[in-house]
Amino acid sequence: MTDILNKLLTLSAENEVVEFKEAKTQYDKDKLGQYFSALSNEANLKNTENAWLVLGVKNDRTIVGTIINDNQLNEYKNELAQHTSPRLSFDKTERVEKDGKTVILCKIPAAPQGHPVSWKGHYYGRNGESLGALSDREFDIIRVQNKALDWSAQIIPIATLADLSKEAIDFARKQYIEKNKKNEQEILQWDDVTFLNKAKVTIQNKVTRTAILLLGKPESDHFINPAQAKISWILRDKDNIEKDYAHFGCPFILAVNEVKDKIRNLKYRYIKDDSLFPDEVDQFDPYIIRESLNNCIAHQDYTLNGKINVVEREDAMLTFINAGSFIPESVEHVIKSDAPESRYRNPFLANAMLNLNMIDTTGSGIKRMFVIQRKKFFPLPDYDLSKNKVQVTIVGRVLDLKYAIKLAQMPDLLLDEIMLLDKIAKGKSITDEEAKRLKVKRLIEGRKPNYYISSSVAGVTGEKATYIKQRGFKDEHYKRMILEYIDKYGWASKTNIDELLLDILPAVLNEKQKLNKVRNLIYALSRKEHIIENQGTIRYPKWVRKAKT
């Protein structure tokens, strides 16, 4: 990274894919988003893998240094992920020491092929070092990229039908019949060439990359090099230590069931509040396993040359990971619209998988996964869309049965509202609009970004103690505690007051926010209400009751 910084500093001026900012202590989030959109789009147009935003350096390449901390960087990343479409963030942020000062290099990924990056609905670009709207011509250039080249539809001239697995073709035919039962007798009469053309796996008798992925013999994967046709299953214990693994390749249409059979999927037993008899369910619903895995296959960005990973943990967690950004606007948007997406990364592959009954493009797959988890009172699927990948984690057990059941049984609580409450419970951020919606229904309390489940929900769910810990007490309660301490002992130091209050302040506040809270309470008692005064020093205060005049 030091070499990269030195190279960037040799530039005579900023350009379309490099931007320097002083940002000594912070940087405006909205401006950051605009530059992110512009630099990402320009990296795509310049056919480079990434662009650079350098913090702590002036436009003339003078190093001034920055004290932006990790918490601020995480806030910037979250803000970018919330308001860019497709949802992206920095690939990497790294500190480099230069001339005794700290510079932060922010690596911005190029906009995905066919998908210009917007910030809050607007598309930005660059003309030299100037920020502005992405021109119509540049917008169209990016938009037509996927139309011009669908990786999955490309024909492999040297491959033949002999490179496909007969077992996989026969299984694919059965799946195709399942989708077209009225024409079963006719389909059974087709030879393999006709069937594969009709199912749109091949094109005019020619083998495609899709055909190799779904139906190719294990040894035929070399036809798609450097892309990988590989799914890795990894078993880890509760401490995340690897215990077992297995790799699966072509044909993917058979590998899906092989991976599914590897997953242990134990039975989970629990007793509902309204029954004396235990329920017994699979930890991981078979539909969720197949849907998640097939989504990985259909939406993997094979140009990144990565593999699909399925990580199973012994504490009942299952994670599916595929390379490439999440093309829809958001998971919430997919569930709310409950309709097919207008575009796919691999249209030919997705259509073939639809024809072979592997996926359902009605748009209900992800929503059905959420509904299944909700009905079992399990945590909702957790999506991580950072670092140019899609990672979904499924939990196969109840984390808090009483809370889960009561929350699910609350009248008029919609699925997307449960999803938002699930985010709050996991400490994740929500948008201002989402927060307003939950506050109108009195489902959450607190201030951005420290929201917590409201007293009305806590009362129903029996989580009153947790609610108090998260909400804390009114400021007057803390002030009375300070005054009672001073009245009892005559005076109080900063350390005394910190020890008195820090442990009982709202649990949603971090350590720095708690210290700020205490300072604000002292400021209110001394400067605004004139009840106490400092008879010590600024560094070592001695707070006493102010004498009445």
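Relevant structure appears above.
Described below are features of the structure shown in this document. (Residues numbered from 1 in each chain as written. Predicted model: local features only at pLDDT ≥ 70, side-chain atom pairs only at ≥ 80, totals over all residues. Heavy atoms only, no water.)

Moving on, we get to the pattern of salt bridges. The tally for this structure, following the rule as stated, stands at 20 salt bridges. For Glu 19, the salt bridge identified is with Arg 126, shortest N-O distance 2.6 Å. Note that Glu 19 is positioned in strand S1 (residues 18-21) and Arg 126 in strand S7 (residues 122-127), a separation of 107 residues in sequence. Exposure class is identical for Glu 19 and Arg 126. Each is buried. Between Lys 479 and Glu 476 there is a salt bridge, with the nearest N and O atoms lying 3.4 Å from each other. Of this pair, Lys 479 and Glu 476 both sit in helix H20 (residues 475-489), separated by 3 residues, roughly a single helical turn. Among the residues examined, Lys 479 registers a relative accessible area of 9% and is labelled buried. Ionic contacts of the salt-bridge type, sharing partners, join the residues Lys 166, Asp 170, Arg 173 and Asp 192 into one network. (Salt bridge = Lys/Arg side-chain N within 4 Å of Asp/Glu carboxyl O. Helix = DSSP H or I, 4+ residues; strand = E, 2+ residues; numbered from the N terminus. Buried < 20%, exposed > 50% of the residue type's maximum accessible area, 1.4 Å probe, protein only.)

To continue, consider the packing of aromatic side chains. By the definition in use, this model includes 8 aromatic pairs. With a centroid separation of 5.8 Å and 65 degrees between ring planes, the pair formed by Phe 36 and Phe 90 is classed as edge-to-face. One end of the pair, Phe 36, is in helix H2 (residues 29-45); the other, Phe 90, is in the loop between strand S3 (84-85) and strand S4 (92-98), with 54 residues separating them in the sequence. The class for Phe 36 is buried, based on a relative accessible area of 1%. (Phe/Tyr/Trp six-rings, centres within 6.5 Å; stacked < 30°, edge-to-face > 60°.)

Our focus in this paragraph is the sheet that holds strand S13 (residues 308-313). Strand pairing in a sheet is mediated by backbone hydrogen bonds. Such pairs are either parallel or antiparallel. Sheet architecture is open: 6 strands sit in the order S10-S9-S13-S14-S16-S15, paired in mixed fashion. Strand pairing shows two members of the sheet lacking a second neighbour, strand S10 (242-248) and strand S15 (382-384), which therefore form its edges. With direction set aside, neighbouring strand axes in the sheet form an average angle of 15 degrees. Where strand S9 (residues 231-236) and S10 come together, 6 bridges link them in antiparallel fashion. Looking at the pairing, Ile 231 lines up with Phe 248 of S10. (Pairing = 2+ DSSP bridges. Axes fitted to C-alpha atoms, helices over the stretch in contact; angles between N-to-C directions.)

To continue, consider the sheet that holds strand S6 (residues 118-119). The sheet built from 4 strands is open, its strands ordered S3-S6-S7-S8 with antiparallel pairing. Only two strands of the sheet have a single neighbouring strand rather than two, namely S3 and strand S8 (130-133). Sheet topology places S6 next to S7; 2 bridges connect them, and they run antiparallel. Paired with Trp 119 across the two strands is His 122, which belongs to S7. Contacts from H2 reach S3, S6, S7 and S8, with the element oriented near 65 degrees to S7. (Contact = heavy atoms within 4.5 Å.)

As a further point, take the environment of Glu 75. Among the secondary structure elements, Glu 75 is positioned in helix H3 (residues 70-83). Residues Glu 75 and Ser 429, 354 residues apart in the sequence, show an inter-C-alpha distance of 9.7 Å. Polar side-chain contacts of Glu 75 include one of 3.4 Å to the side chain of Lys 29. (Polar contact = N/O pair within 3.5 Å; in protein donor to acceptor, adjacent residues only side chain to side chain.)

Function-wise, these values are silent; they only describe arrangement.
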